[in-house]
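In case you want the letters, here they are:
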Amino acid sequence: MNNKPSLHTSLSPALVDLYDISNSIIVIIDVLRATSTIATALYNGAKCVIPVDSVSRCIELGKQIDGITAGERDGKIAEGLEHGNSPFEYPREFIEGKTLVLTTTNGTRLLNMALEKGAKEIITGSFPNLSVVCDHLIEMKKNVILGCAAWKDRVNMEDALFAGAVISKLRKQFDINCDSSHMSEAMFEKGKKDLFSFLKSNKASHYHRLMKFGFEKDIRYCLTPDGANVLPVYNDGKLIVKS
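About the thresholds
Residues numbered from 1 in each chain as written. Predicted model: local features only at pLDDT ≥ 70, side-chain atom pairs only at ≥ 80, totals over all residues. Heavy atoms only, no water. Buried < 20%, exposed > 50% of the residue type's maximum accessible area, 1.4 Å probe, protein only. Helix = DSSP H or I, 4+ residues; strand = E, 2+ residues; numbered from the N terminus. Pairing = 2+ DSSP bridges. Axes fitted to C-alpha atoms, helices over the stretch in contact; angles between N-to-C directions. Parallel < 35°, antiparallel > 145°, perpendicular 65-115°, else oblique. Contact = heavy atoms within 4.5 Å. Nonpolar A, V, L, I, M, F, W, Y, C, P; charged D, E, K, R; others polar.

Asks: Honestly, the pairing of strand β6 (residues 99–103) in this entry has me stumped. Any pointers?
Replies: For a regular strand, side-chain orientation follows a simple rule: the groups alternate between the two sheet faces. When you tally the buried positions in β6, you get five out of five residues, the bulk of the element. Residue alternation in β6 divides its side chains into two sets, Thr99, Val101 and Thr103 and Leu100 and Leu102, and both sets are buried. Where strand β3 (residues 48–52) lies against β6, five bridges are found, and the strand directions are parallel. Its bridge partner lying in β6, Cys48 is registered against Thr99. Here strand β4 (residues 68–73) runs beside β6; their pairing, made up of four bridges, is parallel. Across the sheet, Gly71 pairs through a bridge with Thr103, a residue of β6.

Encoded structure:
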């Protein structure tokens, strides 16, 4: 008898409705760059990260709580905000002990969808915190949905690659009867020796978008495992490090 929990991959927020969210841990994946930056800020001592869905709400909340307001729209710092989505903007000497109020194009929306559907637990995943995400999912022994934030509902390569990286570490512990999971793993296995070159040679759209703005260093960091190995967990409106 198979007592393993199930694992599914939703390659876009547009597909989330097809999965049983209320019975699952959902991993929000927005590799370039939101979830990589969340892990980095928390790893560097941020008190918490508050994800919000609009720039105006970000500015308003930042004023109320004296937080650092940050976010992007289409890969650039959003007008009216102090900081962008680059993990390099949040070194320890800047972010330690502070609250980061963050709005992003895709990730925040997916998180709100997961909340509305009553996810058992919401965590964020990226290559910089790959190992701690996998360890947690193995330990919890609950059904998992790997939720790719994608790009304006269009499937993107880098989020699927991260899902594939998780699956390659977890496949023995989970029952995986899900073609999008198998596809993600196959793609990761093909590209894992050099993910940056894989995105480049396969003309990944967000890779090109960020390269155009000069963010090669960001992309390379966001594809490198375990540089910020903390587990951001959503609790009462905030992402905090799970202790």
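Asks: Any chance you could explain the packing of helix α6 (residues 157–170) against helix α7 (residues 179–191) here in plain terms?
Replies: The relative placement of two packed helices comes down to the angle between their axes together with the axis-to-axis distance. In the contact formed by α6 and α7, the axes pass within 7 Å of each other and the chain directions differ by 95°. Between α6 and α7, the angle falls in the class roughly perpendicular. Contact residues: Met157, Ala160, Leu161, Ala163, Gly164, Ala165, Ile167 and Ser168 in α6; Ser181, Ser184, Glu185, Met187, Phe188 and Glu189 in α7. Class assignment of the residues belonging to the contact of α6 with α7 gives a composition of eight nonpolar, four polar and two charged.

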